[in-house]
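Architecture and fold: a report
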Amino acid sequence: MNPLLKEIRHSPMLWLLAFVPVVFVAARLRPEAHTWLFVLSVLAIVPLAALLSHATESVAAKTGDAAGGLLNATLGNLTELVIALAALRAGEYTLVKASIAGAIVTNTLFMLGASFLLGGLKHRVQEYNRISARFQAGLLFLATIALLVPSMVAGADSGAQAVFVQQLSVGLAVLLIVGYGLGLLFSLKTHRAEFAGARHDEEGEAPWPIGLALATLAGVTVLVALVSEVFVESVQKAAEAFGMTQAFVGFIVVALVGGAAEMASAFSGARKNRLDLSVGIALGSASQIALFVAPVLVLLSYVIGPTPMDLQFWPGAVVMVLIATFTAAFITVGGRSAWFVGVLLLMVYLIFAMTLYLLPPRVQ
């Protein structure tokens, strides 16, 4: 426990851990104070994300950046999954679909762009495994096709019935899950050597013992899930108080808060010249949401949702995901990055955010 206590003492950001019990107490005593609960839950998620970041980096030091990035993406996406499940149970399919598309775009553009920017400002030029980046972009393109087809068929054929779209969505969900599993087999087993991280000269801080890192990962993941429940219950009312629409909340706010843990790890890795970890987290998380989380939510909607959910997204969301996928594939083709590359990605993300805030698309 000494490395953990030392980290908390010397990091002012981790002092915000005091807000974690405050959130639970406030949720019990003042459940109607949605705005305050929203603010407190965000303040509580930030230090938890920082702890998750440090623990994940310690595990990645033992397992390698490829497996470490996958581990961080999986644990980080737990927050998005908890938020989506809560909205799914309430029948808020608009929020669910917006959060799925928003998480893909946010991870692909904002997280990757900010990592390139922060790392480039410190190291000028950085290198990473372009094979891994192109592989993740390929998975994202597969998922984008699966999101595009139901919307395209329903839009082109006015006689297409809802039953057909639901049946198609279930079939696509199963295919995406199978594709994601085969992708893991390919990258972590049969062709593992091709996905090894690039060598970096810079040494970071000494990693935590693996036992402490794994225990911290487990404990912090549970706390993030619990705080996320409070966040979900308060975000809608708080959004109305702040003048934000449901589309903007799902696409931007939920995606940013839900990805806080992954972002902390990605940004820290970029600053330490471990860009393979940052790229693995950003693109790996986006492909995991598209090929695993979204299909699982479709299947779970038949169990916990008031009605089945399909993969028919509003056209604006599909276009944004498609543009984000093409942008990431184009940017990462060379395996080298500088700070202005990050600026370009962030500019595309800000265009989407501004559009949603000023003129939110209609969700079908």
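Residues numbered from 1 in each chain as written. Predicted model: local features only at pLDDT ≥ 70, side-chain atom pairs only at ≥ 80, totals over all residues. Heavy atoms only, no water.

Points about the overall build of the protein
Heads up, the condition is: Helix and strand definitions follow DSSP, with helices as H or I runs of at least four residues and strands as E runs of at least two, each counted in order from the N terminus. Using a 1.4 Å probe on the protein chains alone, a residue whose accessible area is under 20% of its type maximum counts as buried, one over 50% counts as exposed, and one in between counts as partly exposed. The Shrake-Rupley method, run with a 1.4 Å probe, gives the accessible areas here. Residue values count only the displayed protein chains as cover.
Within the protein one finds 13 helices and two strands. Scored against the burial criterion, the 364 residues of the protein give a buried share of 52%. When the accessible surface of the protein is summed, it comes to about 16000 Å², and 68% of that surface belongs to carbon and sulfur atoms.

A few points about the nonpolar core
Where we set the bar: Here the nonpolar core consists of buried residues drawn from Ala, Val, Leu, Ile, Met, Phe, Trp, Tyr and Cys, with membership extended through side-chain atoms lying within 4.5 Å. It only takes one pair of heavy atoms within 4.5 Å for two residues to be counted as in contact.
One finds Val105, Phe116 and Phe251 to be the most contacted residues of the largest nonpolar core, which totals 107 residues. Broken down by element, this core gets its largest block of residues, 14 residues, from helix H11 (residues 275–304). Excluding residues within four positions of it along the chain, Phe116 makes contact with Gln126, Tyr128, Leu275, Val279, Ile331, Thr332, Ser337, Ala338, Trp339, Val341, Gly342 and Leu345.

Details of unusual backbone geometry
Phi is positive for Arg124, close to 70°, though the residue is something other than glycine. Arg124 sits in the exposed class, given a relative accessible area of 66%. With a phi close to 65°, Asn273 is a non-glycine residue in the positive phi region. Inspection of the secondary structure puts Asn273 in the loop between helix H10 (260–271) and H11.

Details of helix H13 (residues 339–358)
Under the convention used in this document: Any helix carries an expected span of 1.5 Å times its number of residues minus one.
With 20 residues, H13 extends 29 Å from end C-alpha to end C-alpha; this agrees with the ideal 28 Å at 1.5 Å per step. Of the residues making up H13, those classed as buried are Val341, Gly342, Val343, Leu345, Leu346, Val348, Tyr349, Phe352, Ala353 and Leu356. Contacts made by the buried residues of H13 are with helix H5 (93–123), helix H9 (246–258), helix H12 (315–331) and strand S2 (336–337).

Examining the environment of Ile304
With respect to the element layout, Ile304 can be found in helix H11. Each C-alpha atom of the pair Ile304 and Ala90 lies 9.1 Å from the other, and the pair is 214 residues apart in sequence. Excluding residues within four positions of it along the chain, Ile304 makes contact with Leu85, Leu88 and Arg89.

A closer look at the packing of aromatic side chains
To keep things clear, this is the line we draw: Any two of the Phe, Tyr and Trp rings considered here, Trp counted by its six-membered ring, make a pair once their centres fall within 6.5 Å; the pair's planes then place it as stacked at under 30 degrees, edge-to-face at over 60, or tilted in between. We call a charge positioned above a ring when the Lys NZ or Arg CZ atom is no farther than 6 Å from the ring centre and deviates by at most 35 degrees from the ring normal.
Counted under the stated rule, the structure contains eight aromatic pairs. Note on Tyr180 and Phe292: the rings are 5.9 Å apart at their centroids and 35° apart in plane angle, and the pair reads as tilted. Linking Tyr180 in helix H7 (residues 162–190) with Phe292 in helix H11, this pair joins segments that are 112 residues apart in sequence. Between Trp339 and Phe340, the aromatic rings sit 5.8 Å apart at their centres with planes inclined by 85°, giving edge-to-face as the arrangement. Across from the ring centre of Phe313, 5.9 Å away, lies the NZ or CZ of Lys97, which sits over that ring.

Thoughts on the pattern of salt bridges
Working definition: two side chains of opposite charge can pair if their charged atoms are close together. Threshold: Here, a salt bridge means any side-chain nitrogen of Lys or Arg that lies within 4 Å of a carboxyl oxygen of Asp or Glu.
Evaluated as defined, the whole model comprises three salt bridges. Here Asp310 and Lys97 are joined by a salt bridge, their closest N and O atoms 2.8 Å apart. Here Asp310 is found in the loop between H11 and H12, whereas its partner Lys97 is found in helix H5, with 213 residues between them in sequence. With respect to class, Asp310 is no different from Lys97; both count as buried.

What to know about H7
For H7, built from 29 residues, the straight-helix expectation of 42 Å at 1.5 Å per residue is met to within 8% by its first-to-last C-alpha distance of 40 Å. Inspection of H7 places Val165, Ser169, Leu172, Ala173, Leu176, Gly179, Tyr180, Gly183 and Ser187 among the buried residues, and these make up the whole buried set.

Some details on the side chain of Ser337
Position of Ser337 relative to the elements: it lies in strand S2. Ignoring sequence-local partners within four residues, the contact set of Ser337 consists of Phe116, Arg124, Val125, Gln126, Tyr128 and Leu275.

Let's talk about the side chain of Asn107
As for its placement among the helices and strands, Asn107 is situated in helix H5. Here Asn107 falls in the buried class, since its relative accessible area comes to 0%. Excluding residues that lie within four positions of it along the chain, Asn107 makes contacts with Leu112, Ala282, Ser285, Ala286 and Ile289.

Comments concerning the environment of Val321
By the secondary structure assignment, Val321 is in helix H12. Note: C-alpha distance between Val321 and Ala103 (218 residues apart in sequence) is 9.7 Å. Setting aside residues up to four positions removed in sequence, Val321 forms contacts with Ala101, Ile104, Val105 and Thr144.

Focus on a nonpolar patch on the surface
Basically, it comes down to this: Nonpolar side chains (Val, Leu, Ile, Met, Phe, Trp, Tyr) are joined into patches within 5 Å and like charges within 9 Å, using only residues with over 30% relative accessible area and no salt bridge.
Together, Val174, Val178, Leu182, Leu185 and Leu299 make up an exposed nonpolar region whose accessible area comes to about 420 Å². Tallying contributions element by element places H7 first for the nonpolar patch, with four residues. Locating Val174 in the fold gives a position in helix H7. Of the residues examined, Val174 reaches a relative accessible area of 42% and is grouped as partly exposed.

Concerning the packing of H5 against H10
The geometry of a pair of packed helices is captured by two quantities: the angle between their axes and the separation between those axes. Note the threshold: Note on geometry: axes are C-alpha line fits, over the in-contact stretch for helices, and angles between N-to-C directions span 0 to 180 degrees. Angles are sorted into four bins: roughly parallel if under 35 degrees, roughly antiparallel if over 145, roughly perpendicular if 65 to 115, and oblique for all others. Crossing handedness: left-handed means the near helix sits turned counterclockwise from the far one by under a right angle, and right-handed means the same turn made clockwise.
Packing of H5 against H10 brings their axes to within 8 Å, and their N-to-C directions diverge by 30°. When the interaxial angle is binned, H5 and H10 end up roughly parallel. In this structure, H5 meets H10 at a crossing whose hand is right-handed. Taking contact as the criterion, the partners of Thr106, Phe110, Met111, Ala114, Ser115, Leu118, Gly119, Leu121, Lys122 and His123 in H5 are, on H10, Glu262, Met263, Ala266, Phe267, Ala270 and Arg271.

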